[in-house]
Structure formats: structure tokens, C-alpha cells
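Overview (structure and organization)
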Amino acid sequence: MRAVLAVAAAAGVWVVGSIAVGLGVESAAPVEQITDDVGRIAWYALPQFPVTFLMVLATALVYGRSRLRGALGAAVVLAPPLVDLVADVVLSVGADTPASVIAVRALCFVAGAAAAWWLVLPAREQQNVFARAGR
């Protein structure tokens, strides 16, 4: 039940974030910027960072920090944003979106998910990550 609530929290953040990005672009972005590759990166790719960050954060907090130690915790918390990324890449490729926009969006996804994951991990687990990296 906890996993279902966590995924529902991620879906809620995604809906609100998608609406906010869509309305923000529609109301604030000049048409010249939306048609330019750099403008697409700024208006469509970069917002992936805070949306993914908040999705992972909300999912992890609803699921419970103490449950994040295992693979199941990682799967529950990281699966919703990963589904969002895969769907976005598939739709972007189908719409002939430039590779630079897709790549920056994927990088923003990874950065947002990693930052939120690091923030919600218990302190003992954060130290273990550094210990494993030093080997």
C-alpha cells in the first residue's frame, strides 16, 4: 500500500510540474526561442531537473526513508521518473526533436534524480556511497 501511495505522489508531482511547465512556456516564451534549439533546451529540457527532483523527493518521503536501503526501495522511488524519461525520449524521437534537447533533458533527469536520492538517503547510506567509490 505504501508503494502505491508513493507512486501516486510521484504522479501528482508530475501532473502539477507538467502543467506548470506547459503554462509557463505558453505564457512566457517568445516563439523565436521555442523554435530555436537553445530555446528548446532552456524552456523544455531544463525544467526536467526540478520536476524529477520533486518527484523523487515526494516518492521517497511517502514511501519512507527507512525503506530506501534495498533494491525495492530504489525501484519504487526511481521508477516513476524513469517511466517519464523513457516516454519523453520516445515521444521526442518520434517528433524529430533535436538530439541536443533530448540529451540535455536526460542529463537533467539524472541530475535531479541523483540529487533527490542523495538528499533522502539516510546518513549512514550516504557514507557507504563514498566508501564504495573510494575502492
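Being a predicted model, the structure only gives us computed values, none of them experimental.

In terms of helices and strands, the chain carries seven helices and zero strands. In the chain, the succession of α and β elements from N to C terminus is α-α-α-α-α-α-α. Every one of the 135 residues in the chain was classed for burial, and the buried ones make up 33%. A sequence separation of at least 24 residues applies to 71% of the contacts in the chain between residues at least 6 apart. As displayed, the chain offers around 7800 Å² of accessible surface, 71% of which is attributable to carbon and sulfur atoms. Looking at the chain, you have 9 positive and 8 negative side-chain charges, and the mean spots of the two groups are 26 Å apart.

Take unusual backbone geometry next. Phi is positive for Asp-96, which is not a glycine, with a value near 60 degrees. Position of Asp-96 among the secondary structure elements: in the loop between helix H5 (71–94) and helix H6 (99–120). On the basis of relative accessibility, which here comes to 66%, the residue Asp-96 falls in the exposed class.

So, on to the packing of helix H1 (residues 2–28) against H5. Where H1 meets H5, the axes come as close as 9 Å, and the angle between the chain directions of the two elements is 35 degrees. Regarding H1 and H5, the two cross each other, and that crossing is right-handed. Residue-level inspection shows Ala-3, Ala-6, Val-7, Ala-10 and Trp-14 of H1 in contact with H5, the latter providing Val-76, Pro-80 and Asp-84.

So, about the pattern of salt bridges. Tallied over the full model, the rule gives one salt bridge. A salt bridge links Asp-88 to Arg-105, with the shortest nitrogen-to-oxygen separation between them at 2.4 Å. Highlighted residues: Asp-88 in helix H5 and Arg-105 in helix H6, separated in sequence by 17 residues.

Now for the packing of H1 against helix H4 (residues 48–63). Two numbers describe how H1 lies on H4: the axes approach to 8 Å, and their chain directions differ by 155 degrees. One element, H1, and the other, H4, form an angle in the roughly antiparallel class. Considering the relative orientation of H1 and H4, their crossing is right-handed. Of the residues in H4, those touching H1 at Arg-2, Ala-3, Leu-5, Ala-6, Ala-9, Ala-10, Val-13, Trp-14, Gly-17 and Val-21 are Val-51, Leu-54, Met-55, Ala-58, Thr-59, Val-62 and Tyr-63. In terms of residue class, the contact of H1 with H4 is made up of 14 nonpolar, two polar and one charged.

To continue, consider the confidence of the model for the chain. Looking at the chain as a whole, its pLDDT mean stands at 88, while 91% of the residues score no less than 70. The weakest mean pLDDT in the chain belongs to helix H7 (residues 123–133) at 61; the strongest belongs to H4 at 95.

Analysis parameters
Residues numbered from 1 in each chain as written. Predicted model: local features only at pLDDT ≥ 70, side-chain atom pairs only at ≥ 80, totals over all residues. Heavy atoms only, no water. Helix = DSSP H or I, 4+ residues; strand = E, 2+ residues; numbered from the N terminus. Buried < 20%, exposed > 50% of the residue type's maximum accessible area, 1.4 Å probe, protein only. Contact = heavy atoms within 4.5 Å. Areas by Shrake-Rupley, 256 points an atom, 1.4 Å probe, with all protein chains shown as cover. Lys, Arg positive; Asp, Glu negative; His and termini not counted. Charge placed at Lys NZ, Arg CZ, Asp CG, Glu CD. Axes fitted to C-alpha atoms, helices over the stretch in contact; angles between N-to-C directions. Left-handed = near helix turned anticlockwise from the far one by under 90°. Salt bridge = Lys/Arg side-chain N within 4 Å of Asp/Glu carboxyl O. Parallel < 35°, antiparallel > 145°, perpendicular 65-115°, else oblique. Nonpolar A, V, L, I, M, F, W, Y, C, P; charged D, E, K, R; others polar. pLDDT = per-residue confidence, 0-100.

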